[in-house]
Amino acid sequence: MTEIVEEKLKLLPDKPGVYIMKNAEGRIIYVGKAIVLKNRVRQYFQSGKNHTPKVRAMVSHIADFEIIMTASEVEALILECNLIKKHRPRYNISLKDDKSYPYVKVTLQEDFPRVFITRRILKDGARYFGPYTNATAVHESLKLLRRLFPLRTCKHLQERPCLEYHIKRCLAPCAGKVAKSDYAAMIRAVLLFLEGRTEDVEKELQFRMEQAAASYNFEVAARLRDQLQAVQKVAEKQNIVTGAGDQDAVGLARSEIGVVVQIFFIRAGKMIGREHFLMQGSEDESDGQLLAAFLQQYYHRATFIPREVLLPLPVPETEQALLERWLSEKKQKAKVQLIVPQRGTKKDIVEMAASNAEKYLHDEAARIKQANDQTLGAVEELGRYLGLAKAPDRMECFDISHNQGSETVASMVVFEGGLPKKSDYRRFKIQSTEGKPDDFLSMREVTTRRYVDLPEEELPDLIIIDGGKGQLSSALEIIRKVAGHKNVPVVGLAKQFELVFTEGNPEPVVLPRHSQALYLIQRIRDEAHRFAITYHRKLRGKRNLVSVLDHIVGIGPKRRQALWNHFGSIGRIKAAGVEELAQAPGMNRPAAEAVFNFFAAQAELRGK
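Residues numbered from 1 in each chain as written. Predicted model: local features only at pLDDT ≥ 70, side-chain atom pairs only at ≥ 80, totals over all residues. Heavy atoms only, no water.

Regarding the overall build of the chain
In step 1: A count of helices and strands for the chain gives 20 helices and 20 strands.
In step 2: For the chain, the C-alpha radius of gyration of 33 Å lies well beyond 25 Å, the compact-globule estimate for 608 residues.
In step 3: Dimensions of the chain, computed from C-alpha atoms along their principal axes, come out at roughly 80 × 80 × 50 Å.
In step 4: Taking all 608 residues of the chain together, 46% fall into the buried category.
In step 5: Each charge class in the chain was averaged separately, 93 positive and 76 negative side chains, and the resulting centres sit 4 Å apart. (Helix = DSSP H or I, 4+ residues; strand = E, 2+ residues; numbered from the N terminus. Rg over C-alpha atoms; globule rule 2.2 N^0.38 Å. Buried < 20%, exposed > 50% of the residue type's maximum accessible area, 1.4 Å probe, protein only. Lys, Arg positive; Asp, Glu negative; His and termini not counted. Charge placed at Lys NZ, Arg CZ, Asp CG, Glu CD.)

A few points about unusual backbone geometry
In step 1: Notably, Arg88 is not glycine yet its phi reads approximately 45°, a positive angle.
In step 2: Tracing the backbone shows Arg88 in the loop between α4 (73-87) and β4 (94-95).
In step 3: Phi is positive for Tyr216, close to 60°, though the residue is something other than glycine.
In step 4: Position of Tyr216 among the secondary structure elements: in the loop between α8 (198-214) and α9 (218-236).

Re helix α11 (residues 317-330)
The periodicity of an α-helix, 3.6 residues per turn, causes residues three or four places apart in sequence to face the same way.
In step 1: Over its 14 residues, α11 extends 21 Å from the first C-alpha to the last, a length consistent with the 20 Å expected when each residue adds 1.5 Å.
In step 2: Every buried residue of α11 is accounted for by Glu319, Leu322, Leu323, Glu324, Trp326, Leu327 and Ser328.
In step 3: A positive backbone phi angle near 60° is found at Gln332, which sits one or two residues after α11. (Expected span 1.5 Å × (residues − 1).)

Points about the sheet that holds strand β6 (residues 115-118)
In step 1: Strand order in the open sheet formed by 3 strands is β6-β5-β7, with antiparallel pairing between adjacent strands. Edge strands, defined here as strands with exactly one partner in the open sheet, are β6 and β7 (127-129). Taken pair by pair, the neighbouring strands of this sheet meet at an average axis angle of 30°, ignoring direction.
In step 2: In the sheet, strand β5 (residues 103-106) pairs with β6 via 4 bridges, with the strands oriented antiparallel. Within β6, the residue paired with Lys105 across the bridge is Phe116.
In step 3: Here helix α7 (residues 180-194) sits on the sheet in contact with β5, β6 and β7, set at roughly 160° to β5. (Pairing = 2+ DSSP bridges. Axes fitted to C-alpha atoms, helices over the stretch in contact; angles between N-to-C directions. Contact = heavy atoms within 4.5 Å.)

Quick notes on the pattern of salt bridges
Here the idea is simple: oppositely charged side chains can pair when their charged atoms come close.
In step 1: Tallying each qualifying case throughout the model produces 33 salt bridges.
In step 2: Each of Arg394, Glu396, Glu416, Lys421, Asp424 and Arg450 takes part in one network of salt bridges that share partners. (Salt bridge = Lys/Arg side-chain N within 4 Å of Asp/Glu carboxyl O.)

Some remarks on the nonpolar core
In step 1: If you look at the biggest cluster of nonpolar residues, it comprises 33 residues, and the most contacted ones within it are Val250, Phe294, Leu295, Tyr298, Tyr299, Leu311 and Leu338.
In step 2: Breaking this core down by element, the ones donating at least two residues are α4, β8 (247-255), β9 (258-267), β10 (270-280), α10 (287-301) and α11.
In step 3: By residue number, the principal contributor to this core is α10, which donates 8 residues.
In step 4: For Leu338, the residues in contact, after removing those within four places along its chain, are Leu295, Val309, Leu311, Val315, Gln320, Leu323, Glu324 and Leu327.
In step 5: Val115, Leu171, Tyr183 and Leu192 belong to the second-largest nonpolar core, a separate cluster that totals 30 residues. (Core = buried A, V, L, I, M, F, W, Y, C linked by side-chain atoms within 4.5 Å.)

Quick word on the environment of Val488
In step 1: Topologically, Val488 is positioned in the loop between α15 (469-482) and β18 (490-493).
In step 2: Val488 sits in the buried class, given a relative accessible area of 6%.
In step 3: A C-alpha to C-alpha distance of 9.9 Å links Val488 and Leu388, two positions 100 residues apart in sequence.
In step 4: Here Val488 is in contact with Leu459, Pro460, Ile463, Ile479 and Arg480, once residues within four sequence places are set aside.

Examining α8
In step 1: Between its first and last C-alpha atoms α8 spans 24 Å; for 17 residues at 1.5 Å apiece the expected length is 24 Å, and the two agree.
In step 2: For α8, the full list of buried residues reads Thr198, Val201, Glu202, Glu204, Leu205, Arg208, Met209 and Ala212. Angularly, the buried residues of α8 cover 165° about the axis, an arc narrow enough to put them on a single face. Counted as exposed and oriented over 90 degrees from the buried face of α8: Lys203 and Ala214.
In step 3: Positive backbone phi, approximately 60°, marks Tyr216, located one or two places after α8. (Arc of directions from axis to C-beta.)

A few points about the packing of aromatic side chains
In step 1: Across all of its chains, the model carries 12 aromatic pairs by this definition.
In step 2: With 5.8 Å between their ring centres and 50° between their planes, Phe277 and Phe294 make a pair best called tilted. With a gap of 17 residues between them, Phe277 in strand β10 and Phe294 in helix α10 connect regions that are remote in the sequence. The residues Phe277 and Phe294 share a single accessibility class, namely buried.
In step 3: Between Phe598 and Phe599 the ring centres are 5.3 Å apart and the planes differ by 75°, which places this aromatic pair in the edge-to-face class.
In step 4: Its relative accessible area of 7% is what places Phe599 among the buried residues.
In step 5: One aromatic cluster is present, built from ring pairs that chain together Phe277, Phe294, Tyr298 and Tyr299.
In step 6: Of note, Lys8 hangs over the ring of Phe65, and the distance from its end group to the ring centre comes to 5.9 Å.
In step 7: Lys331 extends its terminal NZ or CZ atom over the ring of Phe304, reaching a point 4.8 Å from the ring centre. (Phe/Tyr/Trp six-rings, centres within 6.5 Å; stacked < 30°, edge-to-face > 60°. Lys NZ or Arg CZ within 6 Å of the ring centre and 35° of its normal.)

Okay, structure coming up:
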């Protein structure tokens, strides 16, 4: 215990608040709340306390701490949530990757609200739904929502209707095609739908449809009828599970790979969806403590709180009353209960959530095993088949690409631990074979540029040459004789049948079909080929662009280069307007008009 900590322990107050533990570097390693700060913080430094290994490890790293006093326990809980989310301390239980969870946002502050996905919650008058863990599912839900309701999608109202209006995917509020009150009624239905209250949505649409029909507004009535039928189809897929009311049912499972919490959303008696959340920093914590930490962090950022939260087991007694009081305040004084059901449908749904959490962990374990088999396992297997002294953790693979000898390029891709390391990829524009295709000479050049003067400690564990015996001989001539690297293994990969040629052996190594070693070397070869082809196409496109721009008066080499750097492709230059072209470095308006008119004239000639 440091002198700073000893002095501060004497000054702790008898009040609620939050304490912040720091290590010697000043980094926050733990955030906690306390009803009485003096009692709670001192407990950490009492030698007779029976602390868990995790707490003992944390205390050994504490070099300083701070406290923030609050007016109540609930304020302390809220502050703790904010600080954990901001600093993500090492020793706190926390939702994994919680910063990236998506939300659905309805911009109620706008005259004609939009609905879209966001990852930031702002106090801007909008309504948010979430958080969700499956971004793909959220995008699919949003696509469904836009099929059901013709919402505007443009960020700014345009001056005239766009294509969305003409294909009946938008009501064109920009052109005054829909009254503000009618659009607001549709947004009310959207909010009910997002809350899972499909029965209320149906009633709303039915009422508005009948009103429109009674007013002889049959086009609007027909649109509302189609929306009603679509909502009814969605509602048919939702099973009634608890009869009535809003609940969240929570299930928890843990295994050697971690802890996952599954939450089922039940609205108006129907299960409308589910999400799972991974927890980290949970190894030495009890299930009750994990559950309390999850409830605290999840509902801190959740946009809807039900009247009942169904739990698989009780949370610690000291936490239950505090959590219920806090949740009730967040729900604006409506009472919220944490319930551990003992029998009936509610218990069944909690058990279903727990079994889904277990299934997720089982699937995740299988996925991890498969990923390990395909990476580290495949690396070890390849080393055995090639007879290497050690597994080739770092592998460098070369490929040559050219077009009848023009613009010959080489790629070098790097795999470490069976996975691509793209930051170490390199590409080479070959100079020695310009105008005449010679893969052997190209390979000698690229291996010279890569390995001559390269220190031994920077060599890879295996060099792979895509091209078979001839390419392998060219590479070995440089690597062994010129560069002087005697020990690094070098192999050649035949372009057909994945035969692997090794140094000094006339017969190739045939990797077994369906082996992970074969799949790994195929992935490396394909990645090298892809990287080389991409570079070759870029150079070819640049050359073609230059030849086209050669015919435009006022566009010299510098402006050609500026246009290429600014736009990246000839297609984008063709599609650009005069103003966009003039914004490229080195361009002015007359030059921009010359480029625009040149491509416009070409298009007109093709049209004729």
